[in-house]
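The primary structure of each chain is shown beneath.
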Amino acid sequence: MGIKNPWHSVKQPVYHNHSECNTGNNIEKENWRSGTGGKRLCDECKDWARK
Ligand SMILES: [Zn+2]
């Protein structure tokens, strides 16, 4: 739970780092990649980090 190592989808302009992020958890397996991909942090993950 909480902040994890970053991951992203090749289909999205953002990366995720929070285990509660719906968008991050709904990434299809074939589009899932480890790391930030040089993208910006997802807004939903940002909000979760403040809760
Ligand atoms: Zn996210």
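Please refer to the structure higher up on the page.
Residues numbered from 1 in each chain as written. Predicted model: local features only at pLDDT ≥ 70, side-chain atom pairs only at ≥ 80, totals over all residues. Heavy atoms only, no water.

> Help me understand the coordination of the zinc ion, please; the structure alone is not making it clear to me.
For a metal with four tetrahedral donors the ideal donor-metal-donor angle is 109.5 degrees, whereas six octahedral donors ideally subtend 90 or 180 degrees. Listed as protein donors to the zinc ion are H16 (ND1), C21 (SG), C42 (SG) and C45 (SG); their distances from the metal cover 2.1 to 2.4 Å. Relative to the metal, the 4 donor atoms surrounding the zinc ion lie at angles of 100 to 117°, and the coordination shape comes out tetrahedral. Read N to C, the donor residues that coordinate the zinc ion are spaced as H-x4-C-x20-C-x2-C. Comparing C42 with C45, the two get one shared label, buried. (Donors = N, O, S within 2.8 Å, 3.2 Å for Na, K, Ca; no water. Tetrahedral: all angles 85-135°; square planar, octahedral: opposite > 155°, others 65-115°. Buried < 20%, exposed > 50% of the residue type's maximum accessible area, 1.4 Å probe, protein only.)

> Teacher, can you tell me more about the packing of aromatic side chains here?
Working definition: an aromatic ring pair is given by the centre-to-centre distance plus the angle between the planes. This structure, assessed with the given rule, holds 0 aromatic pairs. A cation sits over an aromatic face here: K4 above W7, 5.3 Å from the ring centre. Positioned above the aromatic ring of W48 is the side chain of K51, whose terminal nitrogen or guanidinium carbon lies 4.3 Å from the ring centre. (Phe/Tyr/Trp six-rings, centres within 6.5 Å; stacked < 30°, edge-to-face > 60°. Lys NZ or Arg CZ within 6 Å of the ring centre and 35° of its normal.)

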